[in-house]
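# Chain and residue survey
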Amino acid sequence: MIRLVIYLLVLGVVAFGIAWLADRPGAVAIDWQGWHIETSVLVAASGLLVLLAAAILLWTLIRVILRSPEMLAFSWRSRRRNRGFAAVTRGLIAVGSGDAIGARRAANDAERFLGREPLAQLLAAQAAQLSGDSASAEAAFRAMTEAPATRLLGLRGLHMEARRRGDAASALVAAEEAARHEPGLAWAADAVIEARCVKGDFAGALAMLEREASHGGLDRAAHRRRRAVLLAAQAQALELSEPAVAREKAVEATRLAPTLVPAAEVAGRLLGAAGDTRKAAKILETAYAATPHPGLADAYLHLRPGDAARERLKRVRTLTSRVPEHAESALTLARAAIDAQEFPVARTALAPLTAAPTQRACLLMAELEAAEAGDLGKAREWTARAVRALRDPAWVADGVVSEHWAPISPVTGKLDAFQWQLPPGVAATPLLENEAERAKAAIAAVLESRAQEAAATAAAASVIDAAPVPKPEAVAKPEPAPVPTPESASPPAKPQLVRAVPASVIAEPHRPDDPGPEPYPEDGTSAKRPTFGV
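Heads up: these notes are all about the structure in this document.

## Considering the packing of aromatic side chains
Inspection of every chain in the model, using the stated rule, returns one aromatic pair. Seen in terms of ring centroids, Trp-395 and Trp-420 are 5.3 Å apart; in terms of plane orientation they differ by 65°. Their pairing is edge-to-face. Placement of Trp-395 in strand E3 (residues 394-397) and of Trp-420 in strand E5 (residues 419-421) is noted, with a sequence separation of 25 residues between them. Using a relative accessible area of 7% as the deciding quantity, one classes Trp-395 as buried. Looking at Arg-112, its charged tip hangs above the ring of Phe-113, at a distance of 4.6 Å from the centre.

## Some remarks on the packing of helix H8 (residues 186-198) against helix H9 (residues 202-214)
At their nearest, the axes of H8 and H9 sit 8 Å apart, and the two run at 165° to each other. Comparing the axis directions of H8 and H9 gives the class roughly antiparallel. Viewed along their axes, H8 and H9 form a crossing whose handedness is left-handed. Along the contact surface, H8 presents Ala-186, Ala-189, Asp-190, Val-192, Ile-193, Arg-196 and Cys-197, while H9 presents Phe-202, Gly-204, Ala-205, Met-208, Leu-209 and Glu-212. When the residues that make up the contact of H8 with H9 are grouped by side-chain class, the tally is nine nonpolar, one polar and three charged.

## Re unusual backbone geometry
Excluding glycine, a negative phi dihedral is what most residues carry, and trans is how most peptide bonds are arranged. We note that Gln-341 has phi near 60°; this positive angle belongs to a residue other than glycine. Backbone geometry places Asp-398, a non-glycine residue, at a positive phi of 55°. Here Asp-398 lies in the loop between E3 and strand E4 (400-402). For Asp-398, a relative accessible area of 42% puts it in the partly exposed group.

Cut-offs used in this document
Residues numbered from 1 in each chain as written. Predicted model: local features only at pLDDT ≥ 70, side-chain atom pairs only at ≥ 80, totals over all residues. Heavy atoms only, no water. Phe/Tyr/Trp six-rings, centres within 6.5 Å; stacked < 30°, edge-to-face > 60°. Helix = DSSP H or I, 4+ residues; strand = E, 2+ residues; numbered from the N terminus. Buried < 20%, exposed > 50% of the residue type's maximum accessible area, 1.4 Å probe, protein only. Lys NZ or Arg CZ within 6 Å of the ring centre and 35° of its normal. Axes fitted to C-alpha atoms, helices over the stretch in contact; angles between N-to-C directions. Parallel < 35°, antiparallel > 145°, perpendicular 65-115°, else oblique. Left-handed = near helix turned anticlockwise from the far one by under 90°. Contact = heavy atoms within 4.5 Å. Nonpolar A, V, L, I, M, F, W, Y, C, P; charged D, E, K, R; others polar.

So this is what it looks like as structure tokens:
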């Protein structure tokens with residue numbers, strides 16, 4: 001529409017000019033080299049226009065003739081370029097559809113028509129990867145690194161090829177080179193951080209993280225979270241060797257991410273060991289309210305190592321009051337109550353979980369049945385149920401279930417990949433080692449106590465039923481017998497024989513707050529060993 005309007009305007013201007021000249025007649029005379037030309041103004045103007053058009057046409061023809069070789073070359077190059085890009089399009093479609101033969105054929109055409117064009121090189125590398133030719137793919141990526149425009153693309157390709165064949169050193173070299181050229185490049189910075197975390201170089205990983213953030217590769221929230229994760233990992237690594245440095249790192253991590261469970265757990269333990277129990281309790285309570293975790297509960301219970309089990313039970317009520325309806329709070333309260341031998345409290349805490357118990361709930365019930373009443377039948381029943389019970393929450397990253405947290409995923413190397421959650425699709429899993437050992441110890445204590453009583457009873461019965469009288473020369477010199485008391489009706493020699501019967505006795509583990517077996521009296525009589533409700 002606009003073009004039509006412009007055309008009409010130009011046509012109107014020309015018509016107006018012709019009419020203007022026609023209304024104003026005149027004469028034009030030219031005398032040159034003996035030539036005399038005389039005509040009207042309108043004819044002279046028309047002749048001038050024709051002459052101008054002829055000159056333009058002649059110049060165009062001359063220019064076309066002079067530029068024809070260049071125009072032919074340009075047309076040939078343009079045609080080849082168009083065919084090359086058409087081959088690139090076909091090749092990318094073939095790569096996306098998984099057609100290795102078509103991708104290779106298109107890559108050859110693109111290379112023939114386009115030469116070292118970046119898209120042609122990329123298609124050649126992808127076609128080689130699709131067909132499984134790692135050597136050709138690596139050669140294509142290495143050729144890309146020679147040009148500044150495709151250097152980063154080639155380095156990324158070399159990095160991926162090295163990871164695919166398991167060459168961690170070459171992958172790290174490519175990532176470090178890419179990070180040196182472009183510090184804000186996310187994949188390169190992540191690869192360097194992963195490699196340094198695997199080596200335990202958390203200080204180097206933190207330096208790489210700060211460099212990436214300074215070049216705009218991370219936003220503020222992501223930077224704070226990742227820094228907290230690396231500081232927590234560094235604190236865990238230094239907890240035993242340099243506790244003071246580890247405490248500083250863990251506290252800084254909790255300041256950046258208060259709900260990060262590993263950081264709060266390490267900070268709580270180290271602050272408690274340093275005597276700052278108030279700050280440690282605050283950190284643990286904040287993290288536990290967001291993510292109830294057994295590690296946080298254990299650190300909270302042992303803030304003061306010298307406390308008795310009943311004191312820990314009182315303290316755990318403060319922690320579980322943050323999330324009283326959570327299953328972890330019930331398990332934590334039951335654990336502390338069993339340690340303090342407050343069995344009714346433990347049974348009440350575990351009651352809501354017995355309808356659909358998890359592995360930890362089953363093991364705690366087994367320990368409770370063995371410790372409270374010595375009921376081995378129920379204890380073994382709960383232990384058997386634990387084998388097929390639902391799994392408790394665990395650290396999960398990329399499908400890998402772990403009992404312990406790690407800063408990176410063992411599969412992809414992604415930072416901060418582990419999440420505390422129920423393992424997806426996992427029902428029957430190995431028992432939790434800690435709770436299983438406690439349940440086994442409780443059952444073993446009951447069995448040992450009963451075995452000792454049975455051995456004592458059998459030994460006494462064998463002495464009473466022994467009919468033959470030993471010969472005088474075979475009788476050992478009797479030891480002095482203790483003074484009989486009115487409450488004792490057994491013969492004086494009976495305690496001596498009972499004490500000499502057991503050949504080897506396995507010491508049973510002490511219960512929480514148990515001062516241990518009483519010392520033997522000086523008169524030689526055996527001290528009474530504790531029995532656990534049997």
